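Here is what each chain is made of, one letter per residue.
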Amino acid sequence: MTDSRNGKDLTIPDLLSILPLRGTVLFPHAVIPLGAGRPSSVRLIEEAVQSGQVVGAVMQRDPSEDSPRAAGLHPVGTVMTIHKALKQPDGTVRLVVQGLQRFRIVEVIQEAPYFRARIESLPDAAGPAATLELEALARSTTSLFQKVVSLSPTLPDELAQLAATAEGPGALADLIAASLPSLPTALKQELLETIDVTRRLQTLLAALGKEAEVLELGSKIQSEIQSEMSKTQREYYLREQLKAIQKELGEADERTQEIDSLRQKIEAAGMPEEAKKEAARELDRLAKMPPAAAEYTVARTYIDWLVTMPWQQETTDSVDIEAARAVLDADHEGLEKIKERILEYLAVKKIRPSGKDPILCFVGPPGVGKTSLGRSIARTLGRKFHRISLGGMRDEAEIRGHRRTYIGALPGQIIQGLRRAGTRNPVFMLDEIDKLGMDFRGDPASALLEVLDPEQNATFRDHYLDVPFDLSRVLFITTANVLDTVPAPLRDRMEVIHLAGYTEEEKVAIAQQHLVPKQAREHGLDPDQDVAFTPEALRLLARGYTREAGVRNLEREIAGVCRKVARRRAEGRTEPVRVTPDLVTSFLGVPRFEYEELEERTRVPGVAIGLAWTPAGGDILFVEATRMKGAHSLTLTGQLGDVMKESAQAALSWVRSHAAELGIAPDFWEASDIHVHVPAGAIPKDGPSAGVTIATALASLLTGRPVRAGVAMTGEVSLSGRVLPVGGIKEKVLAAHRAGVRTLILPKRNEKNLVEDVPAAVREAMTIHLAESVHEVIGRALEPAPSSPEAAPLSLTG
């Protein structure tokens, strides 16, 4: 076999020494440097240089193998001639070789000291493809290779000219494959083993296309980065030039003006020394930051919060007590205790303006005007008003704020409210404080301990501002429906004022002065000309269509009447409407609550009327007892709590021990079962105040004497027959008044609550007996026995 290179012929023998290569593929026509370090390879090279013989170069299958066997070599390699060999001091050899022609190993005949094999030469084969197609593939490959060279930053431009000088399509494919270091070694070996020039060019063309796409994408990314950097540098240079021009003209740039403006605002804000020092420090940081920095907006927002806080701004309190009384009376009917407390506060404020403001807590059922009362107090004092709803709040940061390290951090609701109010002494209404929640984010109720403590809130430190702010000038008013869910330490910090509810007359007055005009205007009616409610109609609405402590449902019923009137006017009947009880019934239907039921229920012995306290005000409840043959068992139903069950057992024990005095057979219990039921079984009931009611119902059942019509009672009973005081007297009395009860029996020791809390008009409208023992209660409550005259009164009437 012969091969022509550089104008001379080289003979390629059939037996050839084989040099294994690690991770390198030698192509025909390519000149590359190689390194050899294995003793067998060094010996092979030395003998080849001395004899001037060609050598076969074959790539190992596993580059990490130091002593490969014949099976560890690829079958196809390249015959090479050694142009230069240089032995290094460490024993390795550096050489420059040139590929001549492909060959295939037919048989390995020697493995030591180096490989020798019988080979067959593999000349290029053009295949069945036409010459024109081969020419087209060659041109496309050359063009794409030149594109890759132009895009690649590592390939020299001379390679593009090298491709143009290749002798034939096969040599072109080999030179290009050898010139691309980015081609995978496996792909290079595949190209080497591809004898068909057409297939070789097609495979190479696909690899060049992928390489061109990668280089184009990289070039595009690099161009965008360079463009962005150039834009940033250009803007920087322009800003610096603008600064120099403005400096020459004696003008300040916008950034400098902004920093100077903030510095002036800090000086004018009237901050305490610590807050001023913190604001100045943050402003110095801001002045050194580029506007594009991530921290710039955070620092600027923080300074804005500091300079807009009302450090010194406050309103002057109006201390005209007579004018304040007039405002409170105009806004709210009744609520005398709260009005007195506000007027007392104003009196103290007039004498000692620098005194601390109280922290009030209004507790009462829904709809009695707790929130609107806060607005009236603010109007009375001439202060700003801000309301925060605490219902469902679970995150402590809602009160104290988030630290500035968090993205989107803001101050808590207290600081935000002060900023919105614009003064440091507003009236702050913390609504629904009994609805606060708690979860893994913290306990807002605990965070309020500092806010609502006059001894601590002068130095309240929000997490966001991180400087003390004086809250001692704020008048905090909280509202709640019940106090049970308010933590004891928080409850201890507040002055609790209870709002029990309105009487019927107060509801009528509130409706005339506030609700009717408001609902008439909201429904497009003139309250002076289009619609007028008579007091009797309002009283029917309050008594027959609502049963509540507040006036929300009453307002809804008035709105229902106004809608009917508005519809009349829309249909063309524009005459004024005078709302009477008959018109209310025609508009809203029959009343939902009937008071005759009281008399009907108590006609049967064993039924008594009790009084209960609920979060929505007071209510009446019926206690029913019945007796049947059995084995002395007591059954209690109606979803009663443990305390109420114990009260029933105590009442039964008292009745059994005084059976002879009551005219009951002493052995009634031996052959009887007694069942006590409290209707509305879906509603849980508990507490000791139904003791006298249960005792009266049992006495009525066992004596056969029904309870007098319209009599209700409350009180705890003891085994000795004493009637003990209970709570919620005002709510219970008002509930009895709303339900049409005419006679009440209360514990003697609750007389002070009756006189202080219950309006005089309600006391005068009812007959109220104060009892100390169960004997007195039964004497007042039960109808007289048929054979004896009516018992004389046993206690005072109030």
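See the structure shown above.
As the structure is a prediction and not an experimental result, all values here were calculated from the model. (Residues numbered from 1 in each chain as written. Predicted model: local features only at pLDDT ≥ 70, side-chain atom pairs only at ≥ 80, totals over all residues. Heavy atoms only, no water.)

What the protein contains, in helices and strands, is 28 helices and 26 strands. Along the first, second and third principal axes, the C-alpha set of the protein runs to 155 × 90 × 65 Å. For the protein, the proportion of its 798 residues judged to be buried stands at 47%. When contacts within the protein are restricted to residue pairs at least 6 apart in sequence, those whose partners lie at least 24 apart make up 73%. A total of about 39200 Å² of accessible surface is found on the protein, and carbon and sulfur atoms cover 51% of it. Counting 97 positive and 109 negative side-chain charges, the protein places the averaged centre of each group 1 Å from the other. (Helix = DSSP H or I, 4+ residues; strand = E, 2+ residues; numbered from the N terminus. Buried < 20%, exposed > 50% of the residue type's maximum accessible area, 1.4 Å probe, protein only. Contact = heavy atoms within 4.5 Å. Areas by Shrake-Rupley, 256 points an atom, 1.4 Å probe, with all protein chains shown as cover. Lys, Arg positive; Asp, Glu negative; His and termini not counted. Charge placed at Lys NZ, Arg CZ, Asp CG, Glu CD.)

Applying the stated criterion across every chain yields a total of 41 salt bridges. A salt bridge links Arg-285 to Glu-282; the nearest nitrogen and oxygen atoms lie 2.6 Å apart. Remark: Glu-282 and Arg-285 occur in helix α8 (residues 273-288); sequence separation between them is 3 residues, near one turn of the helix. Looking at Glu-282, the relative accessible area reads 3%, which means it is buried. Between Glu-557 and Arg-592 there is a salt bridge, and its shortest N-O distance comes to 3.1 Å. (Salt bridge = Lys/Arg side-chain N within 4 Å of Asp/Glu carboxyl O.)

Turning next to the environment of Val-707. Position of Val-707 relative to the elements: it lies in the loop between α24 (691-703) and β22 (711-713). On a C-alpha basis, the gap between Val-707 and Pro-784 in space is 9.5 Å, while along the polypeptide they are 77 residues apart. Ignoring anything within four residues of it in the chain, the contact list for Val-707 reads Thr-602, Val-607, Ala-608, Thr-696, Ser-700, Ala-781, Leu-782 and Glu-783.

Attention now goes to the packing of helix α17 (residues 504-522) against helix α18 (residues 535-545). Each pair of packed helices can be summarised by the angle the axes make with each other and by the distance between the axes. Contact geometry of α17 with α18 gives a least axis separation of 9 Å together with a crossing angle of 115 degrees. One element, α17, and the other, α18, form an angle in the roughly perpendicular class. Relative to α18, the crossing made by α17 is right-handed. Contact residues: Glu-504, Glu-505, Lys-507, Val-508, Ala-511, Gln-512 and Val-516 in α17; Pro-535, Leu-538, Arg-539, Ala-542 and Arg-543 in α18. (Axes fitted to C-alpha atoms, helices over the stretch in contact; angles between N-to-C directions. Parallel < 35°, antiparallel > 145°, perpendicular 65-115°, else oblique. Left-handed = near helix turned anticlockwise from the far one by under 90°.)

With an omega of 5 degrees, the peptide bond running from Ala-112 to Pro-113 counts as cis. By secondary structure assignment, the location of Pro-113 is in the loop between β7 (93-110) and β8 (115-121). The phi angle at His-632 is positive, at roughly 40 degrees, despite the residue not being glycine. Its relative accessible area of 40% is what places His-632 among the partly exposed residues.

Looking now at the layout of surface pockets. Sizing a probe to match a water molecule and rolling it over the atoms shows the empty space that remains. There is about 760 Å³ of room inside the second largest pocket. As for the second largest pocket, its lining consists of 34 residues, of which His-498, Leu-499, Ala-500, Lys-730 and Glu-731 are closest to the centre. Of all elements in the fold, only α11 (336-351), β18 (607-614), α25 (729-739) and α26 (751-757) reach the threshold of two or more residues within the lining of the second largest pocket. A total of 4 residues in the lining of the second largest pocket trace back to one element, the largest contributor, which is α25. (1 Å grid on protein atoms, 1.4 Å probe; cavity = no way out; pocket = protein on both sides within 12 Å on 5 of 7 lines; lining within 4 Å. Points joined across faces, edges and corners; volume = space filled by probe spheres on them.)

For the rest of this paragraph, the subject is the environment of Glu-133. In this fold, Glu-133 is placed in helix α2 (residues 131-151). Residue Glu-133 is classed as partly exposed on the basis of its relative accessible area of 39%. Taking C-alpha positions, Glu-133 is 84 Å from Leu-436, a pair spaced 303 residues apart along the chain. Discounting chain neighbours no more than four positions away, the residues touching Glu-133 are Thr-198 and Gln-202.

What follows is about the side chain of Asn-457. Mapped onto the elements of the fold, Asn-457 is located in the loop between α15 (444-451) and β12 (460-461). Assessed through its relative accessible area of 2%, Asn-457 is described here as buried. A polar contact of 3.0 Å, which involves the side chain of Asn-457, links it to the backbone oxygen of Val-451. In this view, Asn-457 contacts Glu-450, Val-451, Phe-469, Asp-470, Leu-471, Ser-472 and Phe-476; residues no more than four positions away in its chain are not counted. (Polar contact = N/O pair within 3.5 Å; in protein donor to acceptor, adjacent residues only side chain to side chain.)

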